[in-house]
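# Observations on the model geometry
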Amino acid sequence: MNKVKVGVVGLGRLGKVHAQNLRYKIPGAELTAACSIVPAELEYAKNELGVTDVYTDYKEMLAKADIDAVVIVTTSSEHCWQIEAALDAGKHVFSEKPLGVDVAQCKQAEAAVERHPELTFMLGFMRRYDKSYSYAKQKIEEGAIGTPYLVKATGIDPEAFVEGAIRFAKNSGGIFLDMAIHDIDLMRWFLGCEATEVYAMGATFKHPEFKDAGDDETGVAVYKFENGAMGMIHVGRTAPYGYHVETEIVGTEGSIRISAVPEKNQARLYNTNGVCAECVGSFPERFEEAYLIEVQEFVDCVLQGKTPGVSVYDGTKSTAIGYATTEAWRTGKAVKLN
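Below is a short write-up of the structure.

Attention now moves to the overall build of the protein. Across its full length, the protein carries 13 helices and 15 strands. In terms of overall dimensions, the protein has a C-alpha envelope of 55 × 50 × 45 Å along the principal axes. In the protein, which comprises 338 residues, the proportion classed as buried is 54%. Taking as baseline every contact in the protein between residues at least 6 positions apart, the subset at least 24 positions apart corresponds to 72%. When the accessible surface of the protein is split by element, carbon and sulfur atoms take 50% of a total near 14900 Å². Where the 35 positive side-chain charges of the protein centre and where its 47 negative ones centre are 1 Å apart.

Encoded structure:
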């Protein structure tokens, strides 16, 4: 195999990012098919990507399209059955996060991956491939901050996109599964162990539609890990200034802060408002390079028979923690993790 022929399912904001990368930026990939239930997205595939083999039915694409692999960028609740169907059809699979919206779904995906050891499966925890986060991991492994014992994470989507978040709320799995899953994965990655207990709460002050959907616009969670380390997460959907992702890892000999100010670039504006740093506007902008690097790794693993850095089990463990966090939020009680 000289190139991996790929079909993408889902062409929303992130689906377009992956499709553009596959079409124009990853030499070992060839985007040959696209699937979506939204007609405008299929028109995008035809007109902007030059993909003429398009489908509204995912199973039909698996059966008929000339593809070696699929990239799944659909609603969270659809991921696991689509992963299973693709693997059982003999296709390599890259799936966006989360793996599933409950542990039973994740176990379904695990079983499918285990049935097909000859196929590559990779989950899209792209922050591990961001240069700042991978640098932090390297410094931790080198002992630069001693023993890490606390991870503090903030992730707030911009108010500019809140209407889309409201529409998605009923199917997202809840704010912690939807928005905190990357931070949960990073806590496990940086601390090198698993969470044992979580307490969470949420609030809605600006958009009651989130409450109507059984969710909240802001959430906070505190975690205890098996080695005694701690984690703190603050997630939300109403940042007035842009897309705010910030992480701090505190160790016995120092700390590392990533994006303390979620700045767009190194430029500064000097005007009547003072000295201003513009903020990054969205997740595709902030993690543009990371999205490219992670799918490049997936394609390389398919071509070279390597094992990806993120496994199906990472997805299950993060989902289990996210699900426990959601339970803690709903009950107002601390929840133990097995």
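What follows concerns the layout of surface pockets. The space that makes up the largest pocket amounts to roughly 1400 Å³. Looking at the largest pocket, it is lined by 43 residues, and the ones nearest its centre are Arg 13, Val 73, Thr 74, Thr 75 and Phe 168. When residues of the lining of the largest pocket are traced back to their parent elements, those giving at least two are α1 (13–24), α4 (79–88), β7 (148–158), α7 (162–168), α8 (175–179) and α9 (181–191). The biggest single contributor to the lining of the largest pocket is α7, with 4 residues. Considered class by class, the residues forming the lining of the largest pocket number 18 nonpolar, 13 polar and 12 charged. If you add up the space inside the second largest pocket, you get close to 330 Å³. Taken together, 16 residues line the second largest pocket, and the ones lying closest to its centre are Thr 316, Lys 317, Ala 320, Leu 337 and Asn 338. Among the secondary structure elements, those contributing two or more residues to the lining of the second largest pocket are α5 (103–115) and α13 (312–331). For the lining of the second largest pocket, the element with the highest residue contribution is α13, accounting for 8 residues. Of the residues in the lining of the second largest pocket, the class split is 8 nonpolar, 2 polar and 6 charged.

In the structure shown here, the tally under the stated rule is 0 disulfides. Cysteine Cys 276 remains unbridged, with the sulfur of Cys 279 as its closest cysteine sulfur at 9.9 Å. Taking relative accessible area as the criterion, Cys 279 reaches 21% and is therefore assigned partly exposed.

What follows covers the sheet that holds strand β8 (residues 195–203). Hydrogen bonds between backbone groups are what pair the strands of a sheet, and the pairing can be parallel or antiparallel. The 7 strands lie next to each other as β12-β11-β7-β10-β9-β8-β15, forming an open sheet whose pairing is mixed. Strand pairing shows two members of the sheet lacking a second neighbour, β12 (254–258) and β15 (335–336), which therefore form its edges. The pairing of β7 with strand β10 (residues 230–239) spans 8 bridges and is classified as parallel. Within β10, the residue paired with Leu 150 across the bridge is Met 230. Sheet strands touched by helix α6 (residues 131–141): β7, β11 (244–251) and β12. Its angle to β12, the strand with the most contacts, is close to 170°.

Each regular strand displays side chains that alternate between the two surfaces of the sheet. Where burial is concerned, the two faces of strand β4 (residues 69–72) agree: the one with Ala 69 and Val 71 and the one with Val 70 and Ile 72 are both buried. Two strands pair when backbone bridges link them, and strand β1 (residues 4–9) and β4 are joined in this way by 4 bridges, in the parallel orientation. Counted as the bridge partner of Val 6 is Ala 69 from β4. Summarising the sheet, β4 and strand β5 (residues 92–96) pair through 4 bridges and their orientation is parallel. Pairing of Val 71 across the sheet is with Phe 94, part of β5. Handedness of the crossover joining β4 and β5 through α4 is recorded here as right-handed.

Counting residues in hydrophobic clusters, the biggest one holds 99 residues, and the most contacted among them are Tyr 58, Met 61, Val 70, Leu 99, Phe 190, Tyr 223 and Ile 249. With 7 residues, the single largest contributor to this core is α9. Ignoring anything within four residues of it in the chain, the contact list for Tyr 223 reads Ile 184, Met 187, Ala 195, Glu 197, Val 198, Ala 229, Met 230, Gly 231, Ile 233, Ile 321 and Thr 325.

What follows covers the environment of Gly 274. Tracing the backbone shows Gly 274 in strand β14 (residues 274–276). Since its relative accessible area comes to 31%, Gly 274 is described here as partly exposed. In sequence terms Gly 274 and Gln 20 are 254 residues apart; their C-alpha atoms lie 38 Å from each other.

Another aspect to go through is the packing of aromatic side chains. Any two aromatic rings considered together are summarised by their centre-to-centre distance and by the angle between their planes. Inspection of the entire model under this criterion finds 8 aromatic pairs. Aromatic pair Tyr 58 and Trp 81: ring centres 5.6 Å apart, planes at 85°, arrangement edge-to-face. You can see Tyr 58 sitting in helix α3 (residues 58–64) and its partner Trp 81 sitting in helix α4, a full 23 residues away along the chain. Connected via pairs of aromatic rings, a cluster forms that spans Tyr 133, Trp 189, Phe 190, Tyr 243, Phe 283, Phe 287 and Tyr 291. The ring of Phe 161 has Arg 13 lying over it, and the distance from NZ or CZ to the ring centre is 4.4 Å. In this arrangement the basic side chain of Arg 286 is found over the ring face of Phe 287, its NZ or CZ atom lying 4.4 Å from the centre.

Definitions and cut-offs
- Residues numbered from 1 in each chain as written.
- Predicted model: local features only at pLDDT ≥ 70, side-chain atom pairs only at ≥ 80, totals over all residues.
- Heavy atoms only, no water.
- Helix = DSSP H or I, 4+ residues; strand = E, 2+ residues; numbered from the N terminus.
- Buried < 20%, exposed > 50% of the residue type's maximum accessible area, 1.4 Å probe, protein only.
- Contact = heavy atoms within 4.5 Å.
- Areas by Shrake-Rupley, 256 points an atom, 1.4 Å probe, with all protein chains shown as cover.
- Lys, Arg positive; Asp, Glu negative; His and termini not counted.
- Charge placed at Lys NZ, Arg CZ, Asp CG, Glu CD.
- 1 Å grid on protein atoms, 1.4 Å probe; cavity = no way out; pocket = protein on both sides within 12 Å on 5 of 7 lines; lining within 4 Å.
- Points joined across faces, edges and corners; volume = space filled by probe spheres on them.
- Nonpolar A, V, L, I, M, F, W, Y, C, P; charged D, E, K, R; others polar.
- Disulfide = S-S within 2.5 Å.
- Pairing = 2+ DSSP bridges.
- Axes fitted to C-alpha atoms, helices over the stretch in contact; angles between N-to-C directions.
- Right-handed = clockwise from strand over helix to strand, strands pointing away.
- Core = buried A, V, L, I, M, F, W, Y, C linked by side-chain atoms within 4.5 Å.
- Phe/Tyr/Trp six-rings, centres within 6.5 Å; stacked < 30°, edge-to-face > 60°.
- Lys NZ or Arg CZ within 6 Å of the ring centre and 35° of its normal.

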